[in-house]
Amino acid sequence: MSPELTVLLAVGLPLVGTLLIVALGRWPNLRDGVTVVTSLAVFSLVASLLPAVLAGRVVEAQLGLNLIPGVPVAFRVEPLGMVYALVASLLWIPNSVYAFGYMRGNHEKHQTRFFACFPVAIASAVGIAFAENIFTMFLFYEVLTFSTVPLVTHKGSSDAMRSGRVYLGVLLTTSVCLQLFAVLWIYVLYRQGVLPGIGFVRGGLFGNALAAGAVSAQMLGLLFFLYIYGIGKSALMPMHKWLPAAMVAPTPVSAFLHAVAVVKAGVFCVVKVIVYVFGVETLRLSGQSAWLVYVSGGTILAASLIALFQDNLKKRLAYSTISQLSYVIMAAALLTPVAIMAATVHIIAHALGKITLFFAAGSVYTAAHKTQVSQLDGIGRRMPWTMAAFTIGALSMIGVPPVVGFISKWTLLRGVVESAQLGGTRAEELFALCVIALSTLLNAGYFAPIIYRAFFRPPSPEDEHHPHGEAPVSMVFALCTTAGLVLLFFVWPRALLTLGAAVMEAAT
Amino acid sequence: MTMRLVLDYYNYWVCIILMMVGFYGVMAKTNLVKKAIALGLFQTGILVFYITIGKVEGGTGPVTISGAPADAVYSNPLPHALMLTAIVVGVSTLAVAMALAVKIREKYGTIDDHDIHRLEHEMPD
Amino acid sequence: MELIQLHLPALIVVLPLVTGLLTALLGRGGRGWWISLGATGAVLAATLQLLAQVVYQGPQTVTYLMGNWPMPYGIGYVVDPLNAAVMATVALIGFVVTLYAGRSMAPEISPDRARYFWAVWQFCLVGLLGITITGDAFNFYVLLEISSLSTYTLIAMGHGRDRRALTAAIHYLVLGTIGACCYLVGIAYLYMVTGSLNFADIHARLADIYATWATDAPVYKKTIIAGFAFIMVGLSLKLALFPLHVWQPNAYTYAPAAVSALLAGTATKVGAYGMIRIVYSVMGTDFAFTFLRSDILLAACALMAILVGSLQAIKQTNAKKLLAYSSVGQIGYIALGIAANNVAGLQAAVIHIFNHALTKGAMFMALGCVLYRTGGVRLEHLRGLGRKMPLTCAAFLVGGMGLIGVPLTSGFVSKWYLVQSALERQWLAPAGVVLVGSILALVYVGRCAEAMYFGQRPENSPEVREAPLSMLVPTLLLAAASLYFGIDSGTTSRVSEAAAKFLLGVAP
């Protein structure tokens with residue numbers, strides 16, 4: 001199979017899966033079988049492109065769509081996109097296995113609609129990952145937004161509707177008013193001959209235009225601002241409200257939003273835009289992106305502080321996500337090769353850790369019907385697998401050995417040092433260092449009590465009346481797998497660092 | 001100066017006054033039939049305007065008679081022809097307006113805009 | 001065959017006129033519908049043939065002389081890419097809505113009046129098509145009044161269901177007549193200075209007059225400005241451009257279902273066409289925009305229309321009124337495109353004339369289906385219909401997505417061009433307003449969609465079924481067209497580009 005076809009299939013196959021899922025809605029086992037087969041197929045398609053990408057070959061494909069004449073919907077596989085596509089398609093597999101157990105265990109309704117939405121979201125995630133130009137990225141970004149709304153509002157309660165409104169409202173407002181604005185502005189600049197194109201190219205689009213004075217530094221800064229906040233999925237404060245709101249959704253959806261597709265799409269787009277549209281060097285020269293280090297650093301601290309005071313387990317995890325996403329953004333904003341690599345590695349590390357945490361939270365809900373941190377006393381004895389996995393995930397969030405979170409944090413620190421060596425402003429590196437140190441303490445501050453309660457506090461007397469064991473097998477299996485991955489990549493960091501190095505290579 | 005502005009362009013002043021009287025009626029009268037009549041007046045102002053711009057100074061009726069001097073000046077007949085059409089349009093408009101007024105009287109029991117507005121205000125959207 | 005080909009432009013107007021008269025005399029029973037269907041079908045075929053001729057085959061203009069009197073003495077029908085596109089839009093909507101109206105009008109108009117309804121229906125199309133094709137200023141006025149008078153009558157025919165149709169009609173009559181009179185006065189001024197009523201001839205003679213303005217002895221300056229002002233006010237009333245839109249919401253709300261769909265798709269669009277024609281090919285943009293700077297005023301009105309129309313739409317509880325206010329906003333988009341005075345702007349205007357006709361037509365028809373089955377179109381009537389009338393609701397939703405401008409629907413294409421044109425003129429704020437308008441559209445479409453898909457049927461409301469096929473098929477047809485032209489905008493872009501470049505005198 002030619003690589004071009006593989007790319008198109010990776011985007012198109014999930015959509016076929018959706019049609020099959022809808023068609024087979026009457027036979028749940030068959031329907032869920034389609035999901036598994038599709039997820040495995042998509043992952044193998046994406047993975048089959050990996051050798052070519054690592055070898056530095058360019059794989060391009062174009063969709064024969066004529067959405068806007070002269071603006072192609074095209075794909076090009078490059079290392080950074082490869083990383084995101086791999087993460088999304090890989091984690092979709094345990095996520096769907098987990099979802100079967102969860103949905104059946106909790107007797108949720110409208111399961112066909114529910115499972116039909118996932119493949120569309122994955123297709124758009126792969127589309128975002130492989131997008132060749134900013135228009136294609138915007139297109140799939142919007143498809144991703146719309147395809148996940150029915151998942152967020154799945155329960156149909158007034159609470160879910162309200163959250164759905166916030167979710168759609170924030171994501172669409174930012175993407176249409178800011179991102180589309182930036183996309184069109186860049187397109188107009190290209191039509192006027194100021195910029196060389198609208199595609200993602202090595203070194204960015206703005207280098208020559210800025211040097212020739214055709215684009216002023218202020219304009220570049222404005223476009224940068226529009227783009228960063230136009231990607232609302234990255235949950236940079238103050239555009240983060242949709243993420244905690246989306247917590248009303250069933251847990252597999254939360255895991256999907258936080259680890260597989262949505263927020264990862266956000267930070268991935270930020271990194272991709274910084275690297276391939278604005279260009280690391282160009283941004284450094286223009287000095288228009290310094291604010292992002294402070295805003296993302298602020299987001300890390302503020303979100304961690306808020307997480308400290310959340311009693312609802314999923315809410316606490318949501319704020320933890322907001323803070324972890326900003327690690328990626330802060331790393332990218334440092335604008336050094338190693339920092340870009342750190343951002344890449346952290347996308348993977350956080351995805352693995354966070355999906356484990358959400359799986360654990362969902363399995364606690366399914367088995368024990370508990371949602372609050374304060375109810376978790378002694379639960380580690382009844383659900384040892386779940387809580388062990390939770391502990392591994394939490395350690396990864398904090399960033400200590402022996403888990404993968406340590407690798408990414410270490411790389412990030414290297415990025416900060418490199419930035420200082422490159423002669424960046426001293427204040428930014430100092431600030432970043434302080435943020436990393438403080439937030440590690442805060443992360444420990446909000447995860448440690450959960451682990452302590454689960455394993456070291458006696459169960460409360462009421463719990464004696466509601467005996468329960470572990471969650472359904474498929475859920476436990478899924479969360480143990482992802483926890484295993486978290487450990488594996490610490491033992492085998494080469495896998496991550498090779499990918500990261502490839503990204504770094506392509507970024508500069 | 002002012003005097004000349006009025007006298008020299010008296011034909012235009014007639015049009016303007018007619019139109020403005022009509023316009024005032026359309027806006028200020030609440031009785032729908034009166035509104036329609038005022039609308040007719042407004043249109044008449046325009047008819048007169050067209051007629052007056054067709055007039056050529058010293059011109060005669062645009063009919064060639066045998067024996068007329070070769071350098072005879074004729075008034076422009078085209079605006080007259082146009083206004084024949086416009087009159088038809090005006091009459092049709094008035095007819096539709098009247099038909100509507102009759103129907104409104106049937107359904108609302110009044111043709112006063114204020115009363116109708118009050119009645120409608122009480123209805124749901 | 002050759003004879004028909006030769007007289008095609010005249011046929012477009014004459015055919016429905018003759019069949020309309022025949023309908024009034026002979027159209028008892030169901031015959032009126034069949035005659036109308038045949039006439040609109042023939043007209044559609046003729047307009048498509050003309051469109052293909054002027055856009056794809058060339059030459060770019062087809063001239064037809066009424067009674068073989070040469071222009072400027074006689075009335076000439078001139079077809080160019082612009083009006084060919086608008087005519088095709090009008091004919092398409094006319095045909096599809098006629099197909100639909102056969103069933104939808106049954107409960108609204110008593111059978112003994114049906115033949116008059118169909119006669120007036122065809123006269124309305126005569127007027128609209130005539131306005132579009134004529135090259136003569138006075139003929140334009142007459143046809144404008146023919147369309148308006150039939151529109152008043154059609155709107156008033158909604159009184160069987162709601163008596164407010166009558167007052168809506170008479171208010172529209174008063175304002176519409178004032179608008180037409182303003183146009184007539186404006187033409188009188190132009191006639192005074194040029195002595196001509198032929199659009200092309202006026203344009204040529206005005207050019208000579210403008211030439212004197214650069215010298216010491218400018219002539220006719222005030223007369224021409226006054227004439228232009230009168231014409232623009234007159235057309236703005238027809239177009240329902242803010243702040244002259246007050247007649248429109250009630251007229252659309254209380255008219256019979258099919259009439260609302262027809263008017264929303266055609267009447268205001270033809271007004272927009274008139275404005276483009278007057279500004280671009282009669283007065284010339286050098287006078288209207290560069291000299292008078294009326295583009296600023298027009299753009300300001302357009303932006304206010306977008307904001308006020310959309311905000312009003314959000315407040316409505318009657319879905320038809322909601323759509324009517326949304327139309328006020330959408331007209332703003334078209335007007336903004338006209339004001340932008342560049343290729344992209346005119347393309348946006350022409351594409352949006354077409355796209356909005358499709359989307360709004362589909363939505364009004366979907367509401368007509370709801371009205372037919374539930375007897376009302378307030379938001380509470382829409383509640384829970386997503387399951388009872390899935391296809392109708394799907395059509396409404398697709399139309400709604402088009403209004404928002406979601407990618408892959410036709411609305412996105414028009415917004416893309418519109419924002420592009422604004423940015424090309426460095427109009428940053430207007431570009432932002434256009435995008436904000438999309439978000440406002442999201443809110444009001446979302447209100448309807450939420451009622452449909454997440455609301456519960458009101459207590460003890462009668463059981464409803466999907467709409468009858470004869471209404472459903474036309475509705476779905478327009479919705480599908482809206483999707484198609486969103487995914488493949490090749491045709492619309494090509495046609496609109498031809499129209500825009502023809503108007504601006506740019507080589508195609």
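Remember, it's a predicted structure, so these values are computed and weren't measured experimentally.

Thoughts on the overall build of chain B
Right, so step 1: A count of helices and strands for chain B gives 5 helices and 0 strands.
Right, so step 2: The order of α-helices and β-strands along chain B, N terminus first, is α-α-α-α-α.
Right, so step 3: In terms of overall dimensions, chain B is more spread out than a globule: its C-alpha atoms have a radius of gyration of 21 Å, far above the 14 Å expected for 125 residues.
Right, so step 4: Projected onto the principal axes, the alpha-carbon positions of chain B cover approximately 70 × 40 × 20 Å.
Right, so step 5: The 125 residues of chain B split such that 31% are buried.
Right, so step 6: Counted over contacts in chain B with a minimum sequence separation of 6, partners at least 24 positions apart contribute 47%.
Right, so step 7: Just so you have it, chain B exposes about 7,700 Å², and 68% of that area is on carbon and sulfur atoms.
Right, so step 8: A gap of 5 Å separates the mean positions of the 9 positive and 10 negative side-chain charges of chain B.

A look at the overall build of chain C
Right, so step 1: Broken down by element type, chain C carries 22 helices and 2 strands.
Right, so step 2: The C-alpha radius of gyration computed for chain C amounts to 22 Å, which stays within 12% of the reference 23 Å derived for 508 residues, consistent with globular compactness.
Right, so step 3: Its C-alpha atoms put chain C at 80 × 55 × 40 Å along the principal axes.
Right, so step 4: The proportion of buried residues among the 508 residues of chain C is 67%.
Right, so step 5: Taking as baseline every contact in chain C between residues at least 6 positions apart, the subset at least 24 positions apart corresponds to 79%.

Quick word on the state of the cysteines
Right, so step 1: If you walk through the whole model with that rule in mind, you get 0 disulfides over all chains.
Right, so step 2: Left unpaired, Cys117 of chain A is separated from the closest cysteine sulfur, that of Cys393 of chain C, by 18 Å.
Right, so step 3: Unpaired in terms of disulfides, Cys269 of chain A finds its nearest cysteine sulfur in Cys177 of chain A, a separation of 18 Å.
Right, so step 4: Residue Cys269 of chain A is classed as buried on the basis of its relative accessible area of 0%.

Observations regarding the pattern of salt bridges
Residue and element names in this part refer to chain A.
Right, so step 1: Scanning all chains against the criterion turns up 22 salt bridges over all chains.
Right, so step 2: One salt bridge in this structure joins Glu78 and Lys272, with 3.7 Å as the shortest N-O distance. Of this pair, Glu78 sits in the loop between strand S2 (71–77) and helix H4 (79–105) while Lys272 sits in helix H12 (residues 262–278), placing them 194 residues apart in sequence.
Right, so step 3: What emerges from the salt-bridge pattern is a single network uniting Arg31, Asp32 and Arg104.

A short note on the packing of helix H6 (residues 134–152) of chain A against H12 of chain A
Residue and element names in this part refer to chain A.
Right, so step 1: Taken N-terminus to C-terminus, the directions of H6 and H12 make an angle of 170°; their axes are 11 Å apart at the nearest point. With respect to their mutual orientation, H6 and H12 come out roughly antiparallel. Each of Ile134, Met137, Tyr141, Leu144 and Thr148 in H6 lies in contact with H12, whose residues at this interface are Val262, Ala265, Cys269, Val273 and Val277.
Right, so step 2: When grouped by side-chain class, the residues that make up the contact of H6 with H12 number 9 nonpolar, 1 polar and no charged.

Quick look at the interface of chain C and chain A
Right, so step 1: On the chain A side, the residues contacting the 29 residues of chain C number 30 residues.
Right, so step 2: For the pair chain C and chain A, the two sides together bury roughly 2,600 Å², of which 79% comes from carbon and sulfur.
Right, so step 3: Its largest share of buried area at the contact with chain A, chain C owes to Trp416, Leu435 and Phe454 of chain C, together 25% of the area lost on that side.
Right, so step 4: Our enumeration of links across chain C and chain A arrives at 1 salt bridge.
Right, so step 5: Glu450 of chain C is the salt-bridge partner of Arg165 of chain A, the closest N and O atoms lying 2.7 Å from each other.

Brief notes about the confidence of the model for chain C
Right, so step 1: For chain C, the average pLDDT comes to 90, and 99% of its residues sit at 70 or higher.
Right, so step 2: Scored as a whole, the predicted complex attains pTM 0.91, and scored at its interfaces, ipTM 0.92.

Topic: unusual backbone geometry
Right, so step 1: For the peptide bond that leads from Met237 of chain A to Pro238 of chain A, omega is 5°, which places it in the cis range.
Right, so step 2: Along the chain, the position of Pro238 of chain A falls in the loop between helix H9 (217–230) and helix H10 (242–245).
Right, so step 3: Looking along the chain, the bond that leaves Phe242 of chain C and enters Pro243 of chain C is cis, with omega of 0°.
Right, so step 4: Following the sequence through the fold, Pro243 of chain C ends up in the loop between helix H9 (221–239) and helix H10 (248–254).
Right, so step 5: Unlike most non-glycine residues, His369 of chain A shows phi in positive territory, near 55°.
Right, so step 6: Locating His369 of chain A in the fold gives a position in the loop between helix H16 (337–368) and helix H17 (379–382).
Right, so step 7: Look at Arg293 of chain C: it is not a glycine, yet its phi comes out positive at around 55°.
Right, so step 8: Position of Arg293 of chain C relative to the elements: it lies in the loop between helix H12 (285–291) and helix H13 (294–315).

Side note on the pairing of S2 of chain A
All names here are of chain A.
Right, so step 1: Counted residue by residue, S2 has 6 buried out of 7 residues, so it is predominantly covered.
Right, so step 2: When strand S1 (residues 59–68) meets S2, the two strands line up antiparallel, connected through 6 bridges. The partner of Glu60 across the bridge, within S2, is Arg76.
Right, so step 3: What sits between S1 and S2 in their antiparallel hairpin is a turn of 2 residues, with Gly70 showing a positive phi close to 90°.

Let's talk about the environment of Asn83 of chain C
Residue and element names in this part refer to chain C.
Right, so step 1: You can see Asn83 is positioned in helix H4 (residues 81–104).
Right, so step 2: A residue is classified by how much of its surface remains accessible, and Asn83, at 0% relative accessible area, is buried.
Right, so step 3: Considered as a pair, Asn83 and Ile225 are 142 residues apart in the sequence and their alpha carbons are 26 Å apart.
Right, so step 4: What Asn83 contacts, discounting residues up to four positions off in sequence, is Val78, Thr132, Ile133, Tyr273 and Arg277.

What to know about the interface of chain C and chain B
Right, so step 1: Listed by partner, the interface residues are 36 residues for chain C and 39 residues for chain B.
Right, so step 2: Taking both partners together, chain C and chain B bury about 3,400 Å²; carbon and sulfur atoms supply 74% of that area.
Right, so step 3: The largest share of the area that chain C buries against chain B comes from Arg163, Arg164 and Tyr191 of chain C, three residues that together contribute 19% of it.
Right, so step 4: At the boundary of chain C with chain B, the tally comes to 0 salt bridges.
Right, so step 5: At the surface where chain C touches chain B, the tally comes to 9 residue pairs in polar contact (both at pLDDT 80 or more).
Right, so step 6: If one sorts the elements of the side of chain C that touches chain B by residue count, helix H7 (residues 164–194) of chain C sits on top with 18 residues.

So, helix H21 (residues 469–487) of chain C
Right, so step 1: When the terminal C-alpha atoms of H21 of chain C are compared, their 26 Å separation across 19 residues agrees well with the 27 Å that a helix rising 1.5 Å per residue should span.
Right, so step 2: Along H21 of chain C, the positions that sit buried rather than exposed are Met471, Leu472, Pro474, Thr475, Leu478, Ala479, Ala481, Ser482, Phe485 and Gly486 of chain C.
Right, so step 3: Looking at the buried positions of H21 of chain C, the neighbouring elements they touch are S1 of chain A together with H4, helix H15 (343–374), helix H18 (390–404), helix H19 (410–424) and helix H22 (490–504) of chain C.

Observations regarding H9 of chain A
Residue pairs spaced three or four apart in an α-helix point in one direction, given the helix's 3.6 residues per turn.
All names here are of chain A.
Right, so step 1: Spanning 14 residues, H9 covers 19 Å between terminal C-alpha atoms, matching the ideal 20 Å at 1.5 Å per step.
Right, so step 2: With 10 of 14 residues buried, H9 lies mostly within the body of the structure.
Right, so step 3: Here the buried face of H9 lies against H6, helix H7 (158–191), helix H8 (207–212), H12, helix H13 (280–286) and helix H14 (290–308).

Brief notes about the side chain of Asn318 of chain C
Right, so step 1: Looking at the secondary structure, you find Asn318 of chain C in the loop between H13 and helix H14 (319–340).
Right, so step 2: From its side chain, Asn318 of chain C meets the backbone nitrogen of Lys320 of chain C in a polar contact 2.8 Å long.

Quick word on the arrangement of the chains
Right, so step 1: The interface with the highest contact count, out of 2 pairs of chains in contact, is the one between chains B and C.
Right, so step 2: Chain A makes no contact with chain B; the smallest distance between any of their C-alpha atoms is 26 Å.

Quick notes on the side chain of Thr386 of chain A
Right, so step 1: Summarising the element assignment, Thr386 of chain A is placed in helix H18 (residues 384–398).
Right, so step 2: Here Thr386 of chain A is in contact with Ala360, Ser363, Val364, Glu470 and Leu479 of chain A, once residues within four sequence places are set aside.

Here we look at the packing of H16 of chain A against H18 of chain A
All names here are of chain A.
Right, so step 1: Following both chains from N to C, one finds H16 and H18 inclined at 145°, their axes separated by 8 Å at the closest point. In this structure, H16 crosses over H18, and the sense of that crossing is left-handed. Here H16 contributes Ala349, His350, Gly353, Lys354, Thr356, Leu357, Ala360, Ser363 and Val364 to the contact with H18, which in turn contributes Thr386, Met387, Ala389, Phe390, Gly393, Ala394, Ser396 and Met397.

Basis of the calculations
- Residues numbered from 1 in each chain as written.
- Chains lettered and ligands numbered in written order.
- Predicted model: local features only at pLDDT ≥ 70, side-chain atom pairs only at ≥ 80, totals over all residues.
- Heavy atoms only, no water.
- Helix = DSSP H or I, 4+ residues; strand = E, 2+ residues; numbered from the N terminus.
- Rg over C-alpha atoms; globule rule 2.2 N^0.38 Å.
- Buried < 20%, exposed > 50% of the residue type's maximum accessible area, 1.4 Å probe, protein only.
- Contact = heavy atoms within 4.5 Å.
- Areas by Shrake-Rupley, 256 points an atom, 1.4 Å probe, with all protein chains shown as cover.
- Lys, Arg positive; Asp, Glu negative; His and termini not counted.
- Charge placed at Lys NZ, Arg CZ, Asp CG, Glu CD.
- Disulfide = S-S within 2.5 Å.
- Salt bridge = Lys/Arg side-chain N within 4 Å of Asp/Glu carboxyl O.
- Axes fitted to C-alpha atoms, helices over the stretch in contact; angles between N-to-C directions.
- Parallel < 35°, antiparallel > 145°, perpendicular 65-115°, else oblique.
- Nonpolar A, V, L, I, M, F, W, Y, C, P; charged D, E, K, R; others polar.
- Buried area = accessible area lost by both parts, 1.4 Å probe.
- pLDDT = per-residue confidence, 0-100.
- Pairing = 2+ DSSP bridges.
- Polar contact = N/O pair within 3.5 Å; in protein donor to acceptor, adjacent residues only side chain to side chain.
- Expected span 1.5 Å × (residues − 1).
- Left-handed = near helix turned anticlockwise from the far one by under 90°.

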